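What follows is the residue order along each chain.
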Amino acid sequence: MDEQVKHATDGRAPVIEPGHTFATVTDKISSIVLTRPTSTGWFVGFGIAFLLTMMLLYALGYLFVRGVGIWGITIPIGWGFAIVNFVWWIGIGHAGTLISAILLLLRQSWRNSINRFAEAMTLFAVACAGIFPLVHVGRPWLAYWLFPYPNSMGVWPQFRSPLIWDVFAVSTYATISALFWFVGLIPDLATLRDRSTNPAAQMIYGILAMGWRGSARHWHRYETMYLLLAGLATPLVLSVHTVVSFDFAIGIVPGWHTTIFPPYFVAGAIYSGFAMVLMLAIPIRKVYGLEDFITERHLQNSAKVMLATGLIVAYGYIIEAFMGWYSGNRYDTFTLWNRLHGPYKWDYIALLLCNIVIPQVLWIRKLRTSPLALFLISGVVLVGMWLERFVIVVVSLHRDFLTSSWGMYYPTRWDWMTYIGTIGLFLSAMFLFVRILPMISIFEMRTLLPEAEVKE
Amino acid sequence: MKPTPVYGMMAEFDSPGDLVAAAERAHKAGYQKIDAYSPFPIEGLAEAIGFHQNRVPLVTLLGGIVGGLSGYLLQYWISTSSYPVNIGGKPYHSWPAFIVVTFEMTILFAGISAVLGMLALNGLPMPYHPVFNVPRFAFASKDRFFLIVFSSDPKYGAQSTRDFLEGLNPRSISEVPS
């Protein structure tokens, strides 16, 4: 039974609309890069994102001149926006690896139309995330001290510290994500090399494709490698946010020192990541007319993943509150009280609304299939997940054991400029990506077509 | 004037099924040095041309072992002999704290080995290859499927191989100049 018939009978939307062939899939996706004129909308969008990137560079430049004192961080809140944003960005990246690696191992073939740009999203999100700890160390020009290298000072990093674990986890994650994305692109770069009529483009795509010719031997090794890389990336992605949660959970600060952190951080990461996938996929499929490839099925499935991970996150909040009460520890109990009644109570209430209450509308099928509703709900989830990290970092730190060491945190305009600037950097990279590289994996889409089946 | 050396004879097919069937028949007919080209991976095609050995998993495993061992030993050496620091009375060799970095190093080295191993075993990057001399080969990255018999095959003959490929009912046949 071919793919289309199968989906028609089980009543779900197809992964690819019927009627496509190898040639139409190839032409449709590669023409976006090769022949479609660059629209005014692209220039306007890229221009805005680029200006925000310039703002980021300005904020970072000023930071290098003046130091982290320009931010709102003080004692007791030494972490502030930098760590909130770091955790937020790295969490967003997780959905890309989940889609490309875990769903590949689970043979969820619908992933083939969204994995490429989800992986690109991962890469750019990790790049944005990486900026924050580097500039937060205070002397960013010495950030390489985080890596173990033989030096004349005779000192080495402290391997019992979760912050060093984080250096290894995040740099491994960035490297493996980049590799996964690039090897996934090689066969499509060969397609662009062969389709392109511009000599410069032929040369550049040709160099990047490394002489890929689609030999059966090559494909055989390629598929083995791809599967192995997916198998390696799967525990990796689960480990990265676990290690990020260790940055908190290993510390003895009330509100941080809980064993629920690793699973609830991972679920939260995938939750916010799928929200970002939807926020990118919905406008992209509309603007580039890719509704045939990114169908209602993809939107529905992503919404379901959001709903499920959102409920895991809700469970995490409930357990945190329960343990605060059940432990009988007065500091834990106070942390819970302080979240609900302290000076940041509106942040906590908004977080509960954004992450738990509002996304429950995804139970309604009609909203799961409405691109506009999904886009808005995804935005709400992204805000909610950002607030969650704010509550974890700032609200836990601002009132710990001794009342004499309590304080408040007020972000400055430099904090906001850096944060919004990284959103600009992320969007600039996405704009460039959809313009110069195939945003949907062409060769993996070909394998989904009914004509790809070999009849015995 | 010397004739141009010939690299092989190439036949073009319309569907993945035709290519697999053709590759199987060529292999059964005794051709050993053959290859097939397709725009996407086809299950069973590598077996059809008689390709079985695949060392990518071995390379990946070795990379992972090297990464994990070097990660653990680096931490062991630093923490016990090069730069021992007493942290809250914990033993210098506090192995549970070393697990995370060991794990990450295993994944990092295994992943890099998988990718570089695949590229190296495939002989890539290789910008020039004789098959690119066939103009129709540009469709191998779009919607056409190709079978080649290399001229180094002991059974290769300019006419006999052409006749054999004709029998497979291809869309076109071209000689590949070297």
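Residues numbered from 1 in each chain as written. Chains lettered and ligands numbered in written order. Predicted model: local features only at pLDDT ≥ 70, side-chain atom pairs only at ≥ 80, totals over all residues. Heavy atoms only, no water.

Examining the overall build of chain B
- Helix and strand counts for chain B come out as five helices and four strands.
- Walking chain B from its N terminus toward its C terminus, one meets helices and strands in the order β-α-β-α-α-α-β-α-β.
- Put simply, chain B has 178 residues, and 48% of those count as buried.
- Intrachain contacts of chain B at a sequence separation of at least 6 include 78% that bridge at least 24 residues.
- Only carbon and sulfur atoms are counted for the fraction: they give 62% of the accessible area of chain B, which is about 8500 Å².
- Measuring between centres, the 12 positive side-chain charges of chain B sit 4 Å from its 13 negative side-chain charges. (Helix = DSSP H or I, 4+ residues; strand = E, 2+ residues; numbered from the N terminus. Buried < 20%, exposed > 50% of the residue type's maximum accessible area, 1.4 Å probe, protein only. Contact = heavy atoms within 4.5 Å. Areas by Shrake-Rupley, 256 points an atom, 1.4 Å probe, with all protein chains shown as cover. Lys, Arg positive; Asp, Glu negative; His and termini not counted. Charge placed at Lys NZ, Arg CZ, Asp CG, Glu CD.)

What to know about the sheet that holds strand S4 (residues 172-177) of chain B
All names here are of chain B.
- The antiparallel open sheet is built from four strands, whose spatial order is S2-S3-S1-S4. Looking at the sheet topology across the chains shown, the edges are occupied by strand S2 (34-37) and S4. Sheet twist, expressed as the mean angle between neighbouring strand axes with direction ignored, is 20 degrees.
- Relative to strand S3 (residues 145-150), S2 runs antiparallel, the two being bridged by four bridges. Bridge pairing in S3 places Ala-36 opposite Leu-147.
- Against the sheet, helix H5 (residues 158-166) contacts strand S1 (6-13), S3 and S4, and its axis sits at roughly 10 degrees relative to S1. (Pairing = 2+ DSSP bridges. Axes fitted to C-alpha atoms, helices over the stretch in contact; angles between N-to-C directions.)

Quick notes on the interface of chain B and chain A
- Listed by partner, the interface residues are 66 residues for chain B and 56 residues for chain A.
- Both sides together, the interface formed by chain B and chain A hides about 5400 Å², and carbon and sulfur atoms give 70% of it.
- When the buried surface of chain B facing chain A is broken down by residue, Pro41(B), Glu104(B) and Lys142(B) rank first, second and third, together holding 12% of it.
- On inspection of chain B and its partner chain A, the count reaches two salt bridges.
- Where Asp35(B) meets Arg217(A), a salt bridge forms, and the shortest distance between an N and an O atom there is 3.5 Å.
- At the surface where chain B touches chain A, the tally comes to 25 residue pairs in polar contact (both at pLDDT 80 or more).
- When residues in the side of chain B that touches chain A are grouped by element, the largest group, 17 residues, is from helix H4 (residues 95-121) of chain B. (Buried area = accessible area lost by both parts, 1.4 Å probe. Salt bridge = Lys/Arg side-chain N within 4 Å of Asp/Glu carboxyl O. Polar contact = N/O pair within 3.5 Å; in protein donor to acceptor, adjacent residues only side chain to side chain.)

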